[in-house]
Amino acid sequence: MGAAQSQRQVAPGAFGAFARFVFCGGGVGLASSFAVAALASWIPWGLANALITAVSTLLATELHARFTFGAGGHATWRQHVQSAGSAAAAFAVTCVAMLVLQQLVAAPGALLEQVVYLSASALAGVARFAVLRLVVFARNRTQTAVTVRTARPAHMTVTYATAPADPAALHRAC
């Protein structure tokens, strides 16, 4: 039961997990942008981008498993594959958004392009967070909840007392 309790304490709430998701994912994304630029000075940009994207997705998935979603250990291969799938879907969303912009506006300015791209990225990021939290890393929270539930003795009964509705009685009860 001690392991189940420590596992439960590690898993943050939705707001905490989202803040960690933004911090870890944003940090990896920022480092990746510099890494692509550096690597592109030695090899073609497309190859550098593909290599850094693969490595950064692996790194971000490990960070999300350990810190963001409180899985308490290394990410499994299944989680890596699912995370890569969600990253590919997020990439597709930003590409489609930019293609739609190009179809709707003949010569969009840099500011409009950035607004569309960042909006699509934010939307894809929120969706990716939901997929990672509810699908990819959800199994660990479910197992923890089951473990905590089954760790209780079978003969334990819970009774609930009704609280008095009178404010004076409530004050006396405190």
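Definitions and cut-offs
Residues numbered from 1 in each chain as written. Predicted model: local features only at pLDDT ≥ 70, side-chain atom pairs only at ≥ 80, totals over all residues. Heavy atoms only, no water. Axes fitted to C-alpha atoms, helices over the stretch in contact; angles between N-to-C directions. Helix = DSSP H or I, 4+ residues; strand = E, 2+ residues; numbered from the N terminus. Parallel < 35°, antiparallel > 145°, perpendicular 65-115°, else oblique. Left-handed = near helix turned anticlockwise from the far one by under 90°. Nonpolar A, V, L, I, M, F, W, Y, C, P; charged D, E, K, R; others polar. Core = buried A, V, L, I, M, F, W, Y, C linked by side-chain atoms within 4.5 Å. Buried < 20%, exposed > 50% of the residue type's maximum accessible area, 1.4 Å probe, protein only. Salt bridge = Lys/Arg side-chain N within 4 Å of Asp/Glu carboxyl O. Contact = heavy atoms within 4.5 Å. pLDDT = per-residue confidence, 0-100. Expected span 1.5 Å × (residues − 1). Phe/Tyr/Trp six-rings, centres within 6.5 Å; stacked < 30°, edge-to-face > 60°.

**So, the packing of helix α4 (residues 77-104) against helix α5 (residues 110-136)**
Step number 1: Two numbers describe how α4 lies on α5: the axes approach to 9 Å, and their chain directions differ by 155°. The angle between α4 and α5 places the two elements in the roughly antiparallel class. Pair α4 / α5 crosses with right-handed handedness.
Step number 2: In terms of residue class, the contact of α4 with α5 is built from 15 nonpolar, 7 polar and 3 charged.

**Considerations on the nonpolar core**
Step number 1: The biggest cluster of nonpolar side chains holds 9 residues, and these are Ala 17, Phe 21, Ala 65, Phe 69, Ala 75, Phe 129, Leu 132, Val 136 and Phe 137.
Step number 2: Those elements that place two or more of their residues in this core are α2 (14-39) and α5.
Step number 3: Looking at this core element by element, the count peaks at 3 residues for α5.

**Structural notes on the pattern of salt bridges**
Step number 1: Applying the stated criterion to the full structure yields 1 salt bridge.
Step number 2: Of the charged contacts, one joins Glu 62 and Arg 66 as a salt bridge, the two residues approaching to 3.4 Å between their closest N and O atoms. In this pair, Glu 62 and Arg 66 are both assigned in helix α3 (residues 45-68), 4 residues apart and thus about one turn of the helix distant.

**Details of the packing of α2 against α3**
Step number 1: For the pair α2 and α3, the least separation of the axes is 9 Å and the interaxial angle reads 155°. By the angle class used here, α2 and α3 are roughly antiparallel. The way α2 lies across α3 gives a crossing that is right-handed. Mapping the contact onto sequence places Ala 17, Arg 20, Phe 21, Cys 24, Gly 25, Val 28, Ser 32, Ala 35, Val 36 and Leu 39 in α2 and Trp 45, Ala 48, Asn 49, Leu 51, Ile 52, Ser 56, Leu 59, Ala 60, Leu 63, His 64, Phe 67 and Thr 68 in α3.
Step number 2: Looking at the contact of α2 with α3 residue by residue, the class counts come to 15 nonpolar, 6 polar and 1 charged.

**Side note on the confidence of the model for the chain**
Step number 1: Here the chain shows a mean pLDDT of 76. Residues at 70 or above account for 72%.
Step number 2: Confidence, expressed as mean pLDDT per element, reaches its minimum in the chain at helix α7 (residues 167-173) with 41 and its maximum at α4 with 90.
Step number 3: In the predicted structure, residues 1-9 sits below a pLDDT of 50 and forms 10 contacts with residues beyond four places in sequence or in another chain.
Step number 4: Segment residues 142-174: pLDDT under 50, and 10 contacts once partners within four positions in sequence are set aside and those in other chains are kept.

**Brief notes about α2**
Step number 1: In this model, α2 (26 residues) spans 36 Å end to end at C-alpha, consistent with the 38 Å of a helix rising 1.5 Å per residue.
Step number 2: For α2, the complete set of buried residues consists of Ala 17, Phe 21, Cys 24, Val 28, Ser 32 and Val 36.
Step number 3: In the core, the buried residues of α2 are packed alongside α3 and α5.

**Considering the packing of aromatic side chains**
Step number 1: In this structure the tally under the stated criterion is 5 aromatic pairs.
Step number 2: Centre to centre, the rings of Phe 18 and Phe 21 are 6.4 Å apart; their planes meet at 25°, and the pair counts as stacked. One end of the pair is Phe 18 and the other is Phe 21, both in helix α2 and 3 residues apart, which spans about a single turn.
Step number 3: For Phe 18, a relative accessible area of 30% puts it in the partly exposed group.
Step number 4: An aromatic cluster of at least three residues, connected via ring pairs, comprises Phe 18, Phe 21, Phe 69, Phe 129 and Phe 137.

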